[in-house]
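Working through the structure, step by step
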Amino acid sequence: MADVRKVPVPKEHAADAGLRLVAGERTHLERLRLALDHAPDMLFVIDHAEMRFVDVNQTACDLLGYTRSELLAKSPQDILPHTRAELEQAYAALIGDPSRSSGLTSHYRCKDGSRVPFESKRRAVRGADGRWLIVVASRDIRPMLAATEALRESEAALRRGQAMARLAHAVTDQDGALLRASDNLAHLLGMDPQRLPRTGREWYGLVHPDDHAHFREAAITAARSAAHAEIKYRLRCGDGTWMHVRHLIEPLEPLAADGGRQWFNTLQDITEQVRAEERIARLTRVYAVLSGINGLIVRATSRDELFEAACRVAVEQGGFCMAWIGLVDRDAGLVRPMASAGAVGDFFATAPLAILETRPGGYGLAGRAVRERKPIVSNDVHGDSQRLMKAELAARGIDSVAIVPLIRGEEVVGILALYAAEIGFFDEEELRLLVELAGDIAFGLEHIEKSEKLDYLAYYDVLTGLANRTLFLERTEQQVAAARSSYRKLAIFLMDIERFKPINDALGRQAGDALLTQIAERMRQTGVDPARFGKPAADQFAVLGLDVKSEEALARMVESRLKELFERPFRIAGQELRVSVRVGIAVFPNDGGDAETLFRNAEAALKKAKAGGERYLFHTAELTGQVAERLSLENKLRQALEREEFVLHYQPKIDLETRRIAGVEALIRWQSPELGLVAPGRFIPVLEETGLIQPVGHWALLRASSDYRAWVSQGLSAPRIAVNVSPLQLRQRDFVQRIDEATAGNGRRAGIDLEITESLMMANVADNIDKLNAVRRLGINIAIDDFGTGYSSLGYLARLPVQSLKIDRSFIETMHFDSSAMTLVSTIISLAHSMRLKVIAEGVETEDQAKYLRLLRCDEMQGYLISRPLAPAALVDFLRRDATGEAGASPSG
């Protein structure tokens with residue numbers, strides 16, 4: 001378009017104003033017009049004074065749908081969404097400063113009513129006639145707006161896609177500093193955009209501490225290789241929660257202007273994906289537990305086995321931190337734990353397992369599960385307001401708890417408790433599986449109880465709960481096998497209730513059942529293992545006796561048990577009833593080598609006892625007679641203690657070098673009015689078996705102390721008296737006190753020493769050493785008797801507070817013709833002397849033996865060569881002869 005400032009615009013030719021040029025320029029103007037008409041932009045020339053178009057190009061006509069003449073007949077406000085005043089004001093501003101131009105974005109109204117959006121440049125120019133013209137160049141921006149809208153839609157779609165995929169991106173430099181980021185990065189991280197991490201260090205600070213090493217290693221590897229890398233880690237969000245992210249790092253090409261590497265980072269929130277994977281893993285574990293426990297139900301033969309295995313499967317296959325199963329005890333108002341696995345420790349010491357409200361604050365989870373008959377869950381124990389053992393659970397790394405009731409029929413019989421390390425572990429699907437699991441356990445429990453009931457009926461007496469004949473014989477056979485391998489004795493006692501049928505007939509079967517039940521209960525109260533009781537027949541009871549020492553001990557036990565069981569009356573049908581029994585006894589191995597034979601022989605003995613009116617009877621009459629004789633001896637010994645029929649005899653101990661008396665040994669004798677002087681071998685074992693050795697042994701200490709003081713009072717050189725101590729005496733708690741009391745008197749302690757067997761010392765060594773040290777502090781010497789026949793440890797021997805050893809007579813008897821015995825005696829003497837112990841030889845009967853012992857440097861001897869054991873009066877004579885040097889020259893007594 002020509003410079004319209006030089007074109008005159010006559011009024012009569014207004015349509016062609018601005019286009020007339022001098023004649024020489026017509027051809028040039030025609031070309032210019034052609035170029036302007038084909039320009040891509042719309043061109044308008046506006047007369048400012050008259051506010052009308054004075055020229056337009058063909059492009060404007062084509063786009064707006066007007067002819068040239070139609071447009072030249074219009075004013076700008078006719079096709080613009082602006083008033084004339086607004087346009088005049090805008091044009092006036094351009095005229096006020098012709099050197100500048102202004103822009104406008106608006107739309108033109110087309111002839112057909114549509115609109116053409118445009119973007120224009122406006123400029124004020126002066127025409128040839130001096131008028132101001134406004135030249136406007138407008139560009140149709142519909143393609144640009146369409147492209148912009150398409151881009152906007154594309155960006156919106158990208159943003160929606162990123163939002164749906166939980167994606168964001170950022171560009172960082174080689175040091176990890178943030179250069180630019182997508183708008184949704186802040187939203188993805190739940191942060192204010194101004195608080196986004198700007199440096200690699202700040203970003204690293206958001207990474208979960210447990211993922212630091214993995215993140216750092218991957219980032220360093222990518223930087224060194226300038227290659228693609230993918231990292232999965234946890235990132236802290238703006239609200240403090242942790243988000244799982246997949247982070248793709250890709251190098252950008254080319255390098256930045258400063259030569260540094262830039263990285264395109266794509267981040268995706270995969271928290272839900274990770275949680276879904278974890279949920280699938282949890283469900284898989286729960287399915288594994290369900291499958292494992294269903295297999296157990298088929299195999300388990302007892303309730304305890306089922307419960308223990310179920311808890312173990314839950315921990316090992318299900319990955320639970322802890323699991324336990326409890327049964328409801330409604331009488332006590334508690335859930336009692338029966339089995340557990342995992343990190344239990346002392347958990348049940350403080351666990352609130354009450355099913356009754358016992359304190360404010362609501363029931364514990366176990367109580368609620370029982371009362372409400374539904375699973376009770378806490379998926380965040382540390383943020384839960386329910387009553388929970390939060391400290392105990394935190395110590396075990398537990399964040400989620402589920403308590404599932406075990407329901408049988410309509411009743412809650414127990415609970416299954418599971419503990420997981422993850423927050424939010426138990427969702428609806430897990431709970432559905434756990435309810436199914438609890439149902440299977442309850443079914444298994446019911447199945448086992450039914451099986452156990454059938455087994456119970458096959459092996460137990462329904463009325464009393466004792467083993468029936470079948471089970472009693474099975475148990476007996478097991479004990480017979482054990483006794484056979486260890487060469488022990490055992491016995492069967494078969495008891496038959498006298499007059500049971502008349503009682504049943506007179507008082508009724510219910511009264512007879514009550515009597516049997518009460519007898520069974522008294523048997524349980526005796527303290528004997530219930531597995532050794534049985535009820536093999538309607539009115540019979542059986543007892544299995546183990547570790548039988550002797551038939552006499554059996555007889556004493558029978559007497560004691562019968563007294564304990566039947567001395568008191570039974571209260572039946574409102575009245576007191578006294579009953580008695582007959583007992584048949586069979587002893588293994590004498591009366592049979594198997595349970596069935598023993599039982600038959602016990603039945604035979606019982607039959608004879610009933611026929612003969614005996615309270616109890618052994619299988620063989622001969623044995624019964626021996627037992628009766630032994631019991632008679634026991635009774636006589638008890639009377640002997642009461643009647644002071646025991647006496648002490650003393651056997652001198654002589655110094656081998658000087659042949660002078662060095663001491664005496666006190667030996668118990670029984671002076672029976674009926675039997676005369678009874679040898680110790682006949683009654684000492686009975687004293688040991690019956691426990692009478694304790695009072696008899698204490699009497700011996702008192703008697704020896706009294707005799708010692710009597711000798712002193714007679715002016716004799718009283719030798720020290722060695723008194724033997726039995727194992728039962730040494731085991732007494734007040735052993736030291738008894739020794740002290742027996743030997744002390746009138747301010748002067750009697751010259752008493754103790755002799756203790758080698759085998760006794762080796763039992764409970766530590767305790768015995770303490771006691772003997774206390775005895776030594778009383779000024780009492782201690783000797784080990786019968787040395788060489790036991791199994792002494794030299795280590796213990798060195799620790800024992802003993803002053804002398806007594807070599808057993810068996811070695812002395814054989815040493816002059818048995819070189820090995822001689823060597824042993826020599827070794828004992830050398831060993832004792834090396835430990836500064838005195839050596840006494842027992843049972844010396846010949847001068848040859850004395851000679852050998854003297855050559856071997858033995859210190860003392862005792863035996864028939866010097867003297868038999870002497871009564872107290874005879875010993876006084878011996879002491880007087882010893883004072884003159886005559887006693888050791890020839891045997892006495």
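About the thresholds
- Residues numbered from 1 in each chain as written.
- Predicted model: local features only at pLDDT ≥ 70, side-chain atom pairs only at ≥ 80, totals over all residues.
- Heavy atoms only, no water.
- Helix = DSSP H or I, 4+ residues; strand = E, 2+ residues; numbered from the N terminus.
- Pairing = 2+ DSSP bridges.
- Axes fitted to C-alpha atoms, helices over the stretch in contact; angles between N-to-C directions.
- Core = buried A, V, L, I, M, F, W, Y, C linked by side-chain atoms within 4.5 Å.
- Buried < 20%, exposed > 50% of the residue type's maximum accessible area, 1.4 Å probe, protein only.
- Salt bridge = Lys/Arg side-chain N within 4 Å of Asp/Glu carboxyl O.
- Right-handed = clockwise from strand over helix to strand, strands pointing away.
- Contact = heavy atoms within 4.5 Å.

**Considerations on unusual backbone geometry**
Residue F588 is joined to P589 through a cis peptide bond whose omega torsion reads 5°. Note that P589 resides in the loop between β21 (581-588) and α19 (595-612). The backbone phi angle of R499 is positive, close to 55°, even though this residue is not glycine. Structurally, R499 can be placed in the loop between β16 (489-497) and α16 (500-507). Positioned with a positive phi, E644 is a non-glycine residue whose angle comes to about 55°.

**Things to note about the sheet that holds strand β3 (residues 101-109)**
Strand order in the open sheet formed by 5 strands is β2-β1-β5-β4-β3, with antiparallel pairing between adjacent strands. The sheet is open, and its two borders are formed by β2 (52-56) and β3, each paired with just one other strand. Put simply, the sheet's adjacent strands are angled 30° from each other on average, direction ignored. Relative to strand β4 (residues 115-126), β3 runs antiparallel, the two being bridged by 9 bridges. Looking across to β4, one finds that S101 is bridged to R123.

**Re the nonpolar core**
Counting residues in hydrophobic clusters, the biggest one holds 75 residues, and the most contacted among them are L637, F646, Y650, W711, I721 and L853. For this core, the leading source of residues is helix α22 (residues 693-713), giving 7 residues.

**Examining the pattern of salt bridges**
Tallied over the full model, the rule gives 41 salt bridges. With its nearest N and O atoms 3.7 Å apart, the salt bridge here joins E372 to K374. E372 gets classed as partly exposed once you look at its relative accessible area, which sits at 35%. Residue class for K374 comes out partly exposed when judged on its relative accessible area of 42%. Taken together, the shared-partner salt bridges connect D47, E50, R52, D129 and R131 into one network.

**Digging into the pairing of strand β30 (residues 838-841)**
A regular strand places its side chains so that they alternate between the two faces of the sheet. With 4 bridges joining them, strand β29 (residues 804-807) and β30 adopt parallel strand pairing. Looking at the pairing, I807 lines up with A841 of β30. Direction of pairing for β30 relative to strand β31 (residues 860-861): parallel, over a ladder of 2 bridges. Within β31, the residue paired with A841 across the bridge is M861. Taking the sense of rotation as the criterion, the β-α-β connection linking β30, helix α30 (residues 847-855) and β31 turns out right-handed.

**Regarding the sheet that holds strand β14 (residues 400-408)**
Backbone hydrogen bonds are what pair the strands of a sheet, in a parallel or an antiparallel way. Ordered in space as β12-β11-β15-β14-β13, the 5 strands form an open sheet in which the pairing is antiparallel. Either end of the sheet is taken by a strand with one partner, and the two such strands are β12 (334-342) and β13 (376-378). Averaged over all pairs of adjacent strands, the angle between strand axes in this sheet comes to 15°, irrespective of strand direction. Where strand β11 (residues 322-329) lies against strand β15 (residues 411-420), 6 bridges are found, and the strand directions are antiparallel. In the sheet register, W324 faces β15, and the bridge partner there is A417. Each of β11, β12, β13, β14 and β15 touches helix α12 (residues 365-372); the most contacted strand, β14, lies at about 35° to it.

Purely geometric numbers; function is a separate question.
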